[in-house]
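# Tertiary structure, described
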Amino acid sequence: MTKKGKLALYWAASCGGCEIAVLGIDDKILKVAEAFDIVFWPCVMDGKVRSIEKMEDKSIDLCLFNGAIRTSEQEYMARLLRQKSKVLVAFGSCAHEGCIPGLGNVASREEIFQTAYHDTPSTDNPEGIRPQPETEVDEGILYLPIFYDTVKTLDQCVEVEYYLPGCPPEPERIWDAIVAILEGKLPAPGSVIGAETTVCDECPRKREEKRIKEFKRTWEIIPDPEICLLEQGLVCCGIATRAGCGALCPTVGSPCIGCYGPNEGVEDFGARMMTALASVIDSEDPEEIDRIIREGIPDPIGTFYRFSLAASQLRRTALTTGGEDQAAASA
Amino acid sequence: MSEKVGVYICHCGTNIAGVVDVEEVAKWAGENLEDVAVSREYKFMCSSLGQELIEDDIKNEGLTRVVVAACSPHLHEKTFRRACSNAGLNPYLCQMASIREQVSWVVEDNEAATEKAKAMIAGAVNRVKLHEELEPNLVPVNPNTLVVGGGIAGIQASLELADAGYPVYLVEREPSIGGHMAQFDKTFPTLDCAACILTPKMSDVGAHPNINMLTYCEVEEVSGYVGSFNVRIKKKAKYVDEEKCTGCGICIEKCPKKVLDNVFEVGMGYRKSIDRPFPQAVPNIPVIDTESCTYFQRGKCKACEIFCPTGAIDFEQQDSYLDLDVGNIILTTGYDLFDCKAMPQYGYGRLANVFTSLEFERMCNASGPTEGKIVLRDGVTEPKSVVIIHCVGSRDENHNPYCSAICCMSALKFGHLVMEKTDAEVTSCYIDIRTTQKGYEEFYNRLLEEGMNFIRGKVAEVTDAARLPGEEDKLIVQVEDTLLGIQRRIPVDMVILMAALEPRADAKDVGLQFGISCSMEGWFTERHPKLDPVATMTDGIFIAGAAQGPKDIPATISQGAAAAARVQGMISVGEVSIEPVVATIHEENCSGCRICNTLCPFNAIEYLEDKEVSYINAALCKGCGTCVAACPAQAITGAHYSNEQIFAEIEGLLYDVISGNGAKAPRVEREPVPA
């Protein structure tokens, strides 16, 4: 038997769903354990960062990194694991394109702190205390990670070999990827491991030419079970979303929200969705078109950039505070 | 391998150099832009000397890419592509930066213009390096031509082509060719009779061995592309066997059912349930109108069948379809007349003796409902006074903003006919008299001499409410005489409304069917308003006559002939090269979501049911990019407009922002590097 490889798994700004998805491969996890020594997996087993720091560079064969980069600690871990790993995989939507944490890019740290530590009705903070990177106490200085203004994707911090899309990636796709890694049948570095077409390809619904008179929210209609949801007015992102999930949501009547990210070669998921939908709105009257969009899509960022704002061309809304306080904080 | 880019900056006389510091820009591009091997400026790049400059540099300096910063690519892209081609460089490796239309003509500040020119050139240089060699495709041209619409434009186009020896299918929706011209009496300014000059041409069409006349037919479907269109024609049932009918007319004589003729006679006369539009109809074959035919309505009669000497009546006839292969299509679908009821202040439809121009044409026509007698609606009384109102529905923001081009001359003609045939006094109420063509002004002078009255003013109202003595039982025309500055009430017997020419009611659908666009009003859009008036943006589809915009008979005939000449040119070359800048759907990326299916303005996209993917017919694609932008899966790419090329161009345009000093840099967050 050949020498076992070394595997690390890490989570940064994420919900933990990816960790559960890894376990979703069921008893195949034993095969993973057969093939790899798991050297680091904070969610599941005890481990020390220091022991990773002490490892030789490139001594970890495979690192599955889930979660986006929101704090200095996460960035440190990303760099560390990059340094120690031969193959770094951005695992799941957060690492791949920012995902839900990335939606924080519509606000600055200041705005987020204001909401979280002051404005929410359940907050009781009469002294206005906020987390500080450094706090002097009698015993010395305490450090907290710096909270960035902007959420970054993994590859905006470090070089990434592969991407495994999905929120979370489907267990079958995870297993496919692990098999590909074990068998050395990998695409060119920098690739997304997955399909090159979109969810419609896996969707059993019947599709016709598209002309949309009105966008509907999911609570407004009970969709016909046979017909394409988009044709029924539901903003289904399946047209733009990479296949791989088996069209789980649209199959059961819930429109695709785009968690598998953009198709191969697409620069900006939201822009693709918007141009596509704008093209099939069935009206030539600018005022009516305006009404159809305004009434049907009240939250364009949340609809079209739900998973990809941090990875989009614009990445975030314009910062008004400029991040100077952050530079001061880290100095 | 890095490219060797040549940059050429045109002065365009002072058009560009008067605003942009071209020497400075050329020097800057040579020194600052990566891979630029040669950077020159020249007075007129489009001159043969300018082109030779490019050709020499390609040969001597080994340029692999060319950027010409000059006018809009619409004007000279071809010129510079050809220059590259002459020197052995693929023409698609040339890129233009429009520093005239987009810089020197629109930026007032010289320094800002110079900076903008630099950015445009940086964009072009960045982009051109990613250009790919493209080769046009050659496809054969089918020598058959489809002409849609049998009015004078279609007749002329068909005859020109047929006389040149090429087969023509002439499709007409009505039972006879002839169009509006067949309804007219005299033609301005020469006053020769419309029928006398039209019917010989109609007979020529009917008898021509190269013309296959398809009357009472409509185009059902069009597919294919320049050189090889497939057209499906619906032949509406005439209930008369065209092979057996001799056109003797006995059936018409014997038919007991008389109905109002709302088409050819515009409601002024009657026709039978089996009839032809007019005696000189071509083909001279009657058609049964099932809506009014006693047999079709009540199951009894069959008089026509009983009396037909050749047994040509066939009540069982069905609509049938005919599939044609043609190389080019000429659309000569003509115009509709403005509905004068839309201007109730003129009383048409309410006041009996208000006539439309076409009604009056029929009245003047010797074979028309009054046999040429000019009489009031009662059919007997000659008018003693007539007012002709110009611009009814034309030059009117409430209806059509444009001038209908022919009404002034028609009004003069009507004035002449009224004075010739009756003793009536004729008054024209006009906004401006427009007599711009050969012999037209002379005709106007003639009418002035003949004693026609002219009042410059737009008529406010035509009413029968008498207020003053002498107005009883008259139509009163209320108009401001703007030359005298007074209000006038003119009591008359008859009013003629010079109705506007409008696009056919179904023009937009027809445009969609043939993949061509219409103006806001609905006139078919020509490829270039001055330089290419009969071609359209869709290769192989030509337009002629009033379908393109209001025009008189000579202009219509000229366009018909011009369109035919263009088609002859295509046929005689025998093959046509198809622009390689087209979109392609990559099947492996296409999920068949069908977003793109309805978008193509040229009908180039079809859905392949078996493979569940969409497909672009490259020969139909014009490379407009609509589908490329819309494809949510980015399964469609546009040659010459790849993401990489477009982003490279944008990066070039932003060169001073991206690579410049910190002041101009976009706000990029500087994250602290953790210890």
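Residues numbered from 1 in each chain as written. Chains lettered and ligands numbered in written order. Predicted model: local features only at pLDDT ≥ 70, side-chain atom pairs only at ≥ 80, totals over all residues.

### Observations regarding the sheet that holds strand 10 (residues 191–192) of chain A
Residue and element names in this part refer to chain A. To be explicit about the condition: Only when DSSP finds a minimum of two bridges between them are two strands counted as paired. A run of H or I in DSSP counts as a helix once it spans at least four residues, and a run of E counts as a strand once it spans at least two, with each numbered from the N terminus. C-beta atoms are first placed from the backbone for all residues, and any pair lying within 7 Å is then listed as a contact. Fitted lines through C-alpha atoms give the axes, limited to the stretch in contact for helices. The angle between two N-to-C directions lies from 0 to 180 degrees.
Spatial ordering of the open sheet is given by 2-1-3-5-9-10, a layout of 6 strands whose pairing is parallel. Only two strands of the sheet have a single neighbouring strand rather than two, namely strand 2 (36–40) and strand 10. Bridging between strand 3 (residues 60–66) and strand 5 (residues 85–91) involves 6 bridges; their strand directions are parallel. Each residue of the ladder has a partner; that of Phe65, found in strand 5, is Ala90. Along the sheet, helix 4 (residues 72–84) contacts strand 1 (5–11), strand 3 and strand 5; its crossing angle with strand 5, the most-contacted strand, is approximately 135 degrees.

### Observations concerning the nonpolar core
Which entries qualify depends on this criterion: For the purposes of this analysis, a nonpolar core is taken to be any set of buried Ala, Val, Leu, Ile, Met, Phe, Trp, Tyr and Cys residues that are connected through C-beta atoms within 7 Å. Backbone-placed C-beta atoms define the burial measure: a residue is buried with 20 or more other C-beta atoms within 10 Å of its own, exposed with 12 or fewer, and partly exposed in between.
Of all hydrophobic cores here, the largest spans 238 residues; its most connected members are Phe65(A), Val392(B), Val477(B), Val495(B) and Leu497(B). The element best represented in this core is helix 12 (residues 407–421) of chain B, accounting for 8 residues. In this view, Val495(B) contacts Asn353(B), Val354(B), Val387(B), Ile389(B), Val462(B), Leu475(B) and Val477(B); residues no more than four positions away in its chain are not counted. The next biggest cluster of nonpolar side chains, apart from the first, holds 48 residues, and it includes Ile16(B), Val67(B), Cys71(B) and Met120(B).

### A closer look at the domain arrangement of chain B
Where we set the bar: Boundaries between domains were set according to an automatic or database domain assignment.
Per the domain assignment, the segments of chain B are domain 1 (5–134), domain 2 (145–180 + 211–331), domain 3 (336–502) and domain 4 (583–639). For domain 3 of chain B and domain 4 of chain B, the distance between their C-alpha centroids amounts to 54 Å.

### Quick word on the domain arrangement of chain A
Accessible area lost on assembly of the parts is the figure often given for the size of an interface. All names here are of chain A. To keep it simple, the criterion reads: Residue polarity follows a fixed list, in which Ala, Val, Leu, Ile, Met, Phe, Trp, Tyr, Cys and Pro are nonpolar, Asp, Glu, Lys and Arg are charged, and the others, Gly among them, are polar.
With domains assigned, chain A is organised as domain 1 (5–101 + 149–192) and domain 2 (199–304). Put simply, the middle of domain 1 and the middle of domain 2, counted by C-alpha atoms, are 31 Å apart. Element by element, the count of residues in the side of domain 1 that touches domain 2 is highest for helix 5 (residues 92–97), at 3 residues. Of the residues assigned to the side of domain 1 that touches domain 2, the class counts are 3 nonpolar, 3 polar and 3 charged.

### Considerations on the packing of helix 6 (residues 152–163) of chain B against helix 15 (residues 553–573) of chain B
All names here are of chain B. For clarity, the cut-off: Should the near helix be turned counterclockwise from the far one by less than a right angle, the crossing is left-handed, whereas a clockwise turn marks it as right-handed.
At a minimum axis distance of 8 Å, the contact between helix 6 and helix 15 shows a crossing angle of 35 degrees. Two packed elements cross with a definite hand, and for helix 6 against helix 15 that hand is right-handed. Listed contacts from helix 15 to Ile152, Ala153, Gly154, Gln156, Ala157, Glu160 and Leu161 of helix 6 are Ile553, Thr556, Ile557, Gln559, Gly560, Ala561, Ala563, Ala564, Val567 and Gln568. Within the contact of helix 6 with helix 15, the residues separate by chemical class into 10 nonpolar, 6 polar and 1 charged.

### Some thoughts on the interface of chain B and chain A
With 24 residues of chain B at the interface, the matching set in chain A holds 36 residues. Its residues assigned to classes, the side of chain B that touches chain A shows 11 nonpolar, 7 polar and 6 charged.

### Considerations on helix 2 (residues 48–61) of chain B
Residue and element names in this part refer to chain B. Note the following rule: To estimate how far a helix should reach, multiply one less than its number of residues by 1.5 Å. Summarising the geometry, the arc corresponds to the directions from the helix axis toward the C-beta atoms.
Compared with the 20 Å implied by 1.5 Å per residue over 14 residues, the 19 Å span of helix 2 between its first and last C-alpha is a close match. Looking only at helix 2, the buried set comprises Gly50, Gln51, Ile54, Glu55 and Ile58. Down the axis of helix 2, the buried set is contained in an arc of 140 degrees. They therefore lie on one face. Of the residues in helix 2, the exposed ones pointing more than 90 degrees away from the buried face are Ser48, Leu49, Asn60 and Glu61. Among the residues trailing helix 2, Gly62 stands out with phi positive, at a value near 70 degrees.

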